[in-house]
Amino acid sequence: MPEGTTRSTEAGGGPAGSTDDPAGTAGGPGGPPTPAARGRLAGRRATVDAVLRHSPAQPLFRLAATRRLAVLAYHGIDDPRTFALQMARLVRIARPVPPALVEEAVHGGRPLPARSVLVTFDDGDRTVLTEALPVLTRLGIPAAAFVVTDHIDGDQPFWWTEAAFLAAHRGTARRLAGCAPGAVVRRLKTLPDADRRTALAELRDSARAAAPRQQQLTRQDLLTLHRAGVTIGNHTAGHPCLDHCDDDTVRSEITRAHSELAGWLGGAEPTAFAYPNGNVDERADAVLRGLGYRLGFLFDHRHDRLLPRRPLRISRLRVNSATGRDRFDTILSGLHPAVHRLRGGV
C-alpha cells in the first residue's frame, strides 16, 4: 500500500513479503519496495499461484476440503471489485454458513454441511460496512466482524498502521534500536505490551509527521451491520497481543470490549471472539469461558474440522480482498496453506 495509507488489510499477518504473508500483500523487510520490485514480485507470485491451481494436487486437495471447515479471515476491503468476484465464486463452489450454525454444530455435536465456509473480518475497518456489506447482502452471504472497540466513533488509526507510518517518517524508540522501518510492526508485536505502548509513544514524539487520521466505524454503523445479519464479535478493546500482556490487561481488554459491544447492540452480548494477531492465551480462554463465549478464532492459515474439536481455537485461512482467483482457489482447497507450511510459514 502507498506510504501514508492508514488501513492495513493484514494487521494480524506476518510482515509483507515474508513466508508468513500467505494472502499476497506486498512489501519488504527493509521498507516499501519500489514499483519495479512490486511488479516483479507480483509476477512471480502470479506464476506460482497459477502453477499450484493447475497442478495435479489441486483436485485432491479440493476433494479433501469438502470435508473441512474453511473460515476466511479478511481485514479491510481495498479491492472491492476483486472481493465481489471472490464472493461470487464462493457461492458457486462452497456453502457459506453463519457463525450461529457453527455454534450449533460445535455445541450440539453435529458436523457442519460439506463445503462449509464462514466469512470473517478482523478489526472493524469501515470498508466492511461501505464495501463488503453490499456484496454480502446481494449474494446472501452471512459473515462475522470482530471489532476493536476503542476505535468506535473515532478517527484514530489502528496502532500497527500508525507505527508503520511513524517509522517510515523517521520515528525512533529505544526498544526498536537497529530495527528497519519495514520491520517495526513485527518487532512491536514481540514486546511485552507495556513496552509496546512506550515504544509507540516514543515513535509519536520523534517522527517528523503525525499519522493520518482514519475514519472508523460508529456505534450506528455497528447496529447497521448487526441488523443486516453480520455477527459482531469481540476483538478486544485495543488489539494487543494478549500473550504479551499481564493478567489484568488480558481480563480488561476482553471484558471492556464485551461490555461495550453488548451496550451498543441493545444488550445482545457477543459470543464469538477472534484473537488479535492470532496469539492465543490460556488466561484469555478462561475469561472467555466465564463470559459465555461459544466460539474463538485463530489466524493460523489452516482449515478446521466440520465439527471443530476446540470451540475457542477454530482455525482460519488468511486472505485479502486483492487475492487473485488462482490463489483464492488454492487457499480454499488447502493446497496453498500446505505449501505455505512446507516453506516454513506460520
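First, a word on what this report is: a plain description of the structure on this page. What you see is a predicted model, and the numbers here were worked out from it, not measured in a lab. (Residues numbered from 1 in each chain as written. Predicted model: local features only at pLDDT ≥ 70, side-chain atom pairs only at ≥ 80, totals over all residues. Heavy atoms only, no water.)

Here helix α11 (residues 282-290) has its buried residues at Ala284, Asp285, Val287 and Leu288. Seen end-on, α11 carries its buried residues on one side only, within an arc spanning 165°. Within α11, the exposed residues directed more than 90 degrees away from the buried face are Glu282, Arg289 and Gly290. Residues of α11 that are buried make contact with α10 (247-264) and β6 (272-274). One side-chain oxygen of the residue at the start of α11 lies 2.8 Å from the amide nitrogen of Arg283, identifying that residue as Asp281. Just beyond α11, the residue with positive phi is Gly292, at close to 90°. (Buried < 20%, exposed > 50% of the residue type's maximum accessible area, 1.4 Å probe, protein only. Helix = DSSP H or I, 4+ residues; strand = E, 2+ residues; numbered from the N terminus. Arc of directions from axis to C-beta. Contact = heavy atoms within 4.5 Å. Polar contact = N/O pair within 3.5 Å; in protein donor to acceptor, adjacent residues only side chain to side chain.)

All right, on to the packing of helix α3 (residues 80-93) against helix α5 (residues 127-139) then. In the contact formed by α3 and α5, the axes pass within 10 Å of each other and the chain directions differ by 25°. Relative to α5, the element α3 is oriented roughly parallel. Here α3 runs over α5; the crossing is right-handed. Contact residues: α3 offers Pro80, Phe83, Ala84, Met87, Ala88 and Val91, while α5 offers Glu131, Ala132, Val135, Leu136, Arg138 and Leu139. Broken down by class, the residue content of the contact of α3 with α5 amounts to 10 nonpolar, no polar and two charged. (Axes fitted to C-alpha atoms, helices over the stretch in contact; angles between N-to-C directions. Parallel < 35°, antiparallel > 145°, perpendicular 65-115°, else oblique. Left-handed = near helix turned anticlockwise from the far one by under 90°. Nonpolar A, V, L, I, M, F, W, Y, C, P; charged D, E, K, R; others polar.)

With that out of the way, let us pick up the packing of α3 against helix α12 (residues 325-333). At a minimum axis separation of 11 Å, α3 and α12 run at an interaxial angle of 40°. By the angle between their directions, the pair α3 and α12 is classed as oblique. You can see that α3 and α12 cross each other, and the crossing is right-handed. Contact residues: Gln86, Arg89, Leu90 and Ile93 in α3; Arg325, Phe328, Asp329 and Leu332 in α12. Split by residue class, the contact of α3 with α12 holds four nonpolar, one polar and three charged.

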